[in-house]
Amino acid sequence: MPPALTGERLTGIAFAMVAAREHPLASLRGTIPKSELTKHVQLVLTDRSTLSEGREFGVMSSKTWRLADLFAKHAFLLNGLGWGGMPMHAVQRDINEGRLVELAIEDVPPGGLILPMSAVFPTSAPPGPAGRWLIERLKQCSSQVSNAA
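What comes next concerns the included structure. Model, not experiment: these values are computed from the prediction.

## Points about the packing of aromatic side chains
Pairs of aromatic rings are described using the distance from one ring centre to the other and the angle between the two planes.
At step 1: All told, the structure shown has one aromatic pair when counted by the stated rule.
At step 2: When the ring of W65 is compared with that of F76, the centres are 6.3 Å apart and the planes differ by 85 degrees; the resulting orientation is edge-to-face. Remark: F76 occurs in helix α2 (residues 70–78) and W65 occurs in strand β3 (residues 64–67); sequence separation between them is 11 residues.
At step 3: A relative accessible area of 40% means that W65 is categorised as partly exposed.
At step 4: F76 sits in the partly exposed class, given a relative accessible area of 28%.

This is the structure in structure tokens:
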């Protein structure tokens, strides 16, 4: 993080690699090697800002389709147009009902990834009372979800 910014950890978001049940990767058993992933289109969420320009996060295939909307990516996944990572809470029902299959991928730990979620603000201008309330509320909500799991 740039020195001019301060980050405050809020929670972690469970993230799973998935494909439609009809997708060729869904029929593979065991851990899928990266060499197999490169044969298939990976659906990648893009950042519309310049903050991550020139950087790749979690891209494992040279064949990518980039989408700027998580709901569009979800629809593409459900229709078998590629494979990719999604927040677990967004796809858990699809996995439970058999529309999507969780993929076991080389170098991705069993059970998926946990992506950190943070509040980020300029160090020179920390949150005021309303911003501090929001940060504390988000931390409280995430701890309630963790305790319920």
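Structure's up, so let's keep going.
## Considering the environment of S27
At step 1: One can find S27 in the loop between β1 (5–20) and α1 (34–37).
At step 2: Considered as a pair, S27 and V101 are 74 residues apart in the sequence and their alpha carbons are 9.0 Å apart.
At step 3: Polar side-chain contacts of S27 include one of 2.8 Å to the backbone oxygen of P24.

## Section: a nonpolar patch on the surface
At step 1: On the surface, a cluster of nonpolar side chains totalling about 390 Å² of accessible area is made up of M117, W133, L134 and L138.
At step 2: Broken down by element, the nonpolar patch gets its largest block of residues, three residues, from helix α4 (residues 129–148).
At step 3: Here L134 is to be found in helix α4.

## Side note on unusual backbone geometry
At step 1: Of note, the phi angle at D107 is positive, near 70 degrees, even though the residue is not glycine.
At step 2: Along the chain, the position of D107 falls in the loop between β5 (100–102) and β6 (113–122).
At step 3: Assessed through its relative accessible area of 62%, D107 is described here as exposed.

## Side note on the side chain of H40
At step 1: If you trace the backbone, H40 turns up in the loop between α1 and β2 (42–45).
At step 2: Accessibility expressed as a relative area gives 13% for H40, which makes it buried.
At step 3: A polar contact of 3.1 Å, which involves the side chain of H40, links it to the side chain of E36.
At step 4: Each residue touching H40, except ones within four places of it in the same chain, is listed here: H23, P24, L25, S61, K63 and W83.

Parameters and conventions
Residues numbered from 1 in each chain as written. Predicted model: local features only at pLDDT ≥ 70, side-chain atom pairs only at ≥ 80, totals over all residues. Heavy atoms only, no water. Phe/Tyr/Trp six-rings, centres within 6.5 Å; stacked < 30°, edge-to-face > 60°. Helix = DSSP H or I, 4+ residues; strand = E, 2+ residues; numbered from the N terminus. Buried < 20%, exposed > 50% of the residue type's maximum accessible area, 1.4 Å probe, protein only. Polar contact = N/O pair within 3.5 Å; in protein donor to acceptor, adjacent residues only side chain to side chain. Patch = residues over 30% accessible without salt bridge, like charges linked within 9 Å, V, L, I, M, F, W, Y side chains within 5 Å. Areas by Shrake-Rupley, 256 points an atom, 1.4 Å probe, with all protein chains shown as cover. Salt bridge = Lys/Arg side-chain N within 4 Å of Asp/Glu carboxyl O. Contact = heavy atoms within 4.5 Å.

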